[in-house]
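# Structure at a glance
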Amino acid sequence: MSKLFKKLFLLIFSPHFLAGLRAEEVFAEQALKNSWIVERIPQDRTSFEKYRKSNKSIKRGDYICRNCNNSEIEVKCKKQYGANDNRYYLLEYSHIKRHREMQSMTNTNVVFAFYQRDGANCLQDTLRMVDLDFLLQTNDYKAGRLYDKRTKCLRVPLKYTRPNFKVLSIIKSRRAN
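About the thresholds
Residues numbered from 1 in each chain as written. Predicted model: local features only at pLDDT ≥ 70, side-chain atom pairs only at ≥ 80, totals over all residues. Heavy atoms only, no water. Pairing = 2+ DSSP bridges. Helix = DSSP H or I, 4+ residues; strand = E, 2+ residues; numbered from the N terminus. Contact = heavy atoms within 4.5 Å. Axes fitted to C-alpha atoms, helices over the stretch in contact; angles between N-to-C directions. pLDDT = per-residue confidence, 0-100.

## Brief notes about the sheet that holds strand 4 (residues 88-92)
Spatially, 4-8-7 is the arrangement adopted by the three strands of the open sheet, whose pairing is antiparallel. Edge positions in the sheet fall to strand 4 and strand 7 (147-148), since each of these pairs with one other strand and no more. When strand 4 meets strand 8 (residues 153-157), the two strands line up antiparallel, connected through five bridges. In the strand pairing of strand 8, Leu 90 is matched with Arg 155. On the sheet, helix 4 (residues 93-106) packs against strand 4, strand 7 and strand 8 and is oriented at approximately 65 degrees with respect to strand 4.

## Concerning the confidence of the model for the chain
Confidence in the prediction of the chain, expressed as mean pLDDT, is 83, and 80% of residues score 70 or more. Averaged pLDDT values for the elements of the chain fall to 51 in helix 1 (residues 3-13) and rise to 95 in strand 9 (residues 162-163).

Pasting the structure below:
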């Protein structure tokens, strides 16, 4: 299937997937402009085989950041919910569990990079990131206030995210000390 046909198909039938693909492209461009060395992580079945031997359900990020302690970055293009100081993104809890499994195998940070979605569009100036370990150590998470039973998602409040590439800078400085 040609790339153009695939994008047209996604635009019509799955605009959120198209927005996600655009977010990944935008992330790679912005990372390069900000001197972050990111490499695409293959998502094909063959690339996963060596990890599947553990019989655990895992999920790999979209990118690995070479100059940030090989942190894995999962790029998401999501609708933002809430209002004012209570805005948040919804993140599938099953994804979090699978990223945690991968993190325990590789001993690397997992970072979620969020872009705000508007239909099939990725709003390029909305990049916010959160370190998974940080999120899971918050009092709100530990008290169960972030889990939404109805959607089986974790609410990721914007107050726990940082704009642009600040999270990568924080992770990089932690390992340097």
